[in-house]
Every structure is written in C-alpha cells, then in structure tokens.
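If you want the building blocks of each chain, they are given just below.
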Amino acid sequence: DTLSEKDLKFINNIIPFEEGEKIELFETNGGLNGVKIAGNFITNKRLSHYWIDAGDDEIHSVKYSQIDSLITVDRTKALTYASYIQIYGSNQNSFKIYVDADSSRTWTFFNKAIENLKHTESN
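Structure report, in brief. (Residues numbered from 1 in each chain as written. Predicted model: local features only at pLDDT ≥ 70, side-chain atom pairs only at ≥ 80, totals over all residues. Heavy atoms only, no water.)

### Concerning the environment of Lys118
Okay, so step 1: As for its placement among the helices and strands, Lys118 is situated in helix 2 (residues 103-122).
Okay, so step 2: On the basis of relative accessibility, which here comes to 56%, the residue Lys118 falls in the exposed class.
Okay, so step 3: Distance in space between the C-alpha atoms of Lys118 and Ser65 is 10.0 Å, their sequence separation being 53 residues. (Helix = DSSP H or I, 4+ residues; strand = E, 2+ residues; numbered from the N terminus. Buried < 20%, exposed > 50% of the residue type's maximum accessible area, 1.4 Å probe, protein only.)

Quick look at the structure:
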C-alpha cells in the first residue's frame, strides 16, 4: 500500500501484472533512486526481482505454479550482505529476491513467500 501509482506503473512496465494480481510485499535495495533501480516483490501470483542498470538489467519473475523449491537465507546479522530467497523454477530458472531489512521484516517477507507457495501447491 506504500507504493505510489507512479511506482506501480513503473513496475508494471518492467514486469506486467496479470488481471487481479496485486503486490503484497515490496522491498528495494536501490539506494536513493529506490524503485527505479531495484525491486523485489511478492504478489498473490508470483515472486519477482528486477535490477535496472544502464543496459545491464536483470528481470526475473516466476509464478508459484512454476517454482520447484525456494531457500531462505537470513543475513540480518551481517553488516554488508542482504538476506535473500533463492528461487528454483521448473524451467531451470534460478534467481534471488533480496530483502535488506531488519529480522522482523525479513521473516515477514520469507514467510509470505512460503505461505503463497504452499497455498498454490494445495490448490
């Protein structure tokens, strides 16, 4: 709910949302330019990561139904490293979603990703 309409339009241009898709949690480690540089987010339908860097862009997104497994790595006690979720997709796609936050926010992010994946697997 903290992303502006302008931010949502920017993100939608990078990774188009499906009908009914909504960002549930969002983190950026893009410094002062935040959303314009990097985004890591969980929607009700997928996990996504983007890094926009003058032509050396990284854009990854996978629907829950296409995820084989995920691993959470908590680095909240490290000074220089962000925590992340390592995602392994059924299409041999592997990428990380970074969460550079305190322990509580990091685990909220981790648990939401796991909860959404389990919900998809049970349907």
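### Observations concerning the pattern of salt bridges
Okay, so step 1: As enumerated under the stated definition, the model contains six salt bridges in all.
Okay, so step 2: Here Glu18 ties to Lys45 by a salt bridge, and the two come within 3.6 Å at their closest N and O atoms. Taken as a pair, Glu18 in the loop between helix 1 (5-14) and strand 1 (23-27) and Lys45 in the loop between strand 2 (38-43) and strand 3 (46-51) lie far apart in primary sequence, 27 residues in all.
Okay, so step 3: Residue classification places Glu18 among the partly exposed residues on the basis of a relative accessible area of 29%.
Okay, so step 4: Judged by its relative accessible area of 28%, Lys45 is partly exposed.
Okay, so step 5: Among the ionic pairs, Lys112 bridges to Glu24, the shortest N-O distance being 3.8 Å. Here Lys112, found in helix 2, pairs with Glu24, found in strand 1; they are 88 residues apart in sequence, far enough to count as distant.
Okay, so step 6: Judged by relative accessible area, Glu24 falls into the partly exposed class, the value being 33%.
Okay, so step 7: Sharing partners across several salt bridges, the network here consists of Glu18, Lys45 and Lys63. (Salt bridge = Lys/Arg side-chain N within 4 Å of Asp/Glu carboxyl O.)

### Examining the sheet that holds strand 6 (residues 83-89)
Okay, so step 1: One open sheet holds the three strands; their spatial order is 5-6-7, and the pairing between them is antiparallel. Two strands close off the open sheet at either side, each with one partner strand: strand 5 (67-73) and strand 7 (94-99). Strand-to-strand, the axes of this sheet are offset by a mean angle of 20°, without reference to chain direction.
Okay, so step 2: Direction of pairing for strand 5 relative to strand 6: antiparallel, over a ladder of six bridges. In the strand pairing of strand 6, Leu70 is matched with Ile87. (Pairing = 2+ DSSP bridges. Axes fitted to C-alpha atoms, helices over the stretch in contact; angles between N-to-C directions.)

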